[in-house]
Amino acid sequence: TLLYTINTKMNDSLHRLQPVIYHGSGYVTEKLEEYFFTIGTTSFFQTNTGQAEKLYQVVREFAGLNGTQTVYDLYCGTGSIGIFLSSLARRGIGVELIPEAIADAEENAALNRVTHAGFFAGDVSDLCNAAFFSTHGRPDVIITDPPRAGMDPDTCELTRRFERILYISCNPETLAANIAQLHDTHRIERCALFDQFPYTHHMESGVLLVRR
């Protein structure tokens, strides 16, 4: 598939731009283990899919699911992590700011026949309030995969209420800052590093934080 975008904003952001399909379907499909994911132009997905599969396998191990837990996937993008863990969770909830990514997540859930997951568009710190938890279930495990800027203070305050936080990060600096904010309530139990971009200094981190 081939798309193009004419950007007159003098920056490299796709925000508020509509890519034009020149040839093909307009999306790509990736496979991680037995799960398939369709990815649109505005949706985030790990570019190194081989390492992404290893990352998600470790996330699944760290999460320690047994089929009884409700899992919240914050900054869920196309729903890939929640869907990857779906066979071991009682229910999955994904939250993402970009509506187009949520549309992809819903399509991916249907594609993989995952019927016990819900995906919601909105800002994490605004959407995940007491009423939302009352309607969709209190999280037993929170998975958070924020952008490079990390979690904002309100989202940190939100996550500290819960027992297990699995933090995935592409930026060690903001990861360290967020862990420092959570230090009084949570301790690091497990950590793993993934070389997503060989021959560069970029690393992906997976950290399991457990309430003290």
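Residues numbered from 1 in each chain as written. Predicted model: local features only at pLDDT ≥ 70, side-chain atom pairs only at ≥ 80, totals over all residues. Heavy atoms only, no water.

Novice: Outline the side chain of Thr174, listing residues and values.
Specialist: Checked against the element boundaries, Thr174 lands in helix H7 (residues 172-182). Setting aside residues up to four positions removed in sequence, Thr174 forms contacts with Arg148, Ala149, Gly150 and Tyr167. (Helix = DSSP H or I, 4+ residues; strand = E, 2+ residues; numbered from the N terminus. Contact = heavy atoms within 4.5 Å.)

Novice: Which residues make up the layout of surface pockets, and what values do they have?
Specialist: Empty space within the largest pocket amounts to approximately 850 Å³. At the level of secondary structure, the elements contributing two or more residues to the lining of the largest pocket comprise strand S3 (28-32), strand S6 (91-96) and helix H4 (124-127). A class-by-class count of the residues in the lining of the largest pocket yields 15 nonpolar, ten polar and seven charged. Computed from the structure, the second largest pocket encloses a volume of approximately 440 Å³. Taken together, 19 residues line the second largest pocket, and the ones lying closest to its centre are Leu17, Pro19, Thr41, Thr42 and Glu100. A breakdown of the residues in the lining of the second largest pocket according to their chemical character gives seven nonpolar, eight polar and four charged. (1 Å grid on protein atoms, 1.4 Å probe; cavity = no way out; pocket = protein on both sides within 12 Å on 5 of 7 lines; lining within 4 Å. Points joined across faces, edges and corners; volume = space filled by probe spheres on them. Nonpolar A, V, L, I, M, F, W, Y, C, P; charged D, E, K, R; others polar.)

Novice: Provide a residue-level description of the sheet that holds strand S10 (residues 186-194), including the pertinent values.
Specialist: The seven strands lie next to each other as S7-S6-S5-S8-S9-S11-S10, forming an open sheet whose pairing is mixed. Edge positions in the open sheet fall to strand S7 (117-121) and S10, since each of these has one partner strand only. Neighbour to neighbour, the strand axes of the sheet diverge by 15 degrees on average, direction disregarded. Bridge analysis of S6 against S7 gives five bridges, and the strand direction is parallel. By the bridge assignment, Ile93 is partnered in S7 with Gly118. Seen against the sheet, helix H1 (residues 49-63) touches strand S8 (141-144), strand S9 (164-169), S10 and strand S11 (204-211) and runs at an angle of roughly 155 degrees to S10. Strands S9, S10 and S11 of the sheet are contacted by H7, whose axis makes an angle of about 160 degrees with S9. (Pairing = 2+ DSSP bridges. Axes fitted to C-alpha atoms, helices over the stretch in contact; angles between N-to-C directions.)

Novice: Residues and numbers for unusual backbone geometry, please.
Specialist: For Tyr75, which is not glycine, the phi torsion reads 60 degrees and is therefore positive. Along the chain, Tyr75 turns up in the loop between strand S5 (70-74) and helix H2 (80-84). In this structure, Tyr199 is a non-glycine residue whose phi angle is positive, near 70 degrees. Take Tyr199: it is sitting in the loop between S10 and S11.

Novice: Provide a residue-level description of the pattern of salt bridges, including the pertinent values.
Specialist: Within the structure shown, the criterion is met by five salt bridges. The partner of Arg190 in a salt bridge is Glu61, and the shortest N-O contact between them spans 2.7 Å. Taken together, the residues Arg190 in strand S10 and Glu61 in helix H1 connect sequence positions 129 residues apart. Owing to a relative accessible area of 46%, Glu61 belongs among the partly exposed residues under this scheme. Residue Arg160 pairs with Glu157 through a salt bridge whose shortest N-O separation is 3.2 Å. Accessibility expressed as a relative area gives 45% for Glu157, which makes it partly exposed. Bridged by salt links that share partners, the residues Glu157, Arg160 and Asp184 form one connected network. (Salt bridge = Lys/Arg side-chain N within 4 Å of Asp/Glu carboxyl O. Buried < 20%, exposed > 50% of the residue type's maximum accessible area, 1.4 Å probe, protein only.)

Novice: Just give me the short version of the environment of Thr29, but keep the residues and values in it.
Specialist: Considering the arrangement of structural elements, one finds Thr29 in strand S3. On a C-alpha basis, the gap between Thr29 and Ile39 in space is 6.1 Å, while along the polypeptide they are ten residues apart. Thr29 has contacts with Phe36, Phe37 and Thr38, leaving out every residue within four places of it along the chain.

Novice: Let's hear about the environment of Leu158: which residues, and what values?
Specialist: With respect to the secondary-structure elements, Leu158 resides in helix H6 (residues 153-159). Counting along the chain gives 34 residues from Leu158 to Val124, while the straight-line C-alpha distance between them is 9.0 Å. Look past the residues within four positions of Leu158 in its chain and what remains in contact with it is Val124, Cys128 and Phe133.

By themselves, these observations are geometric and do not establish any function.
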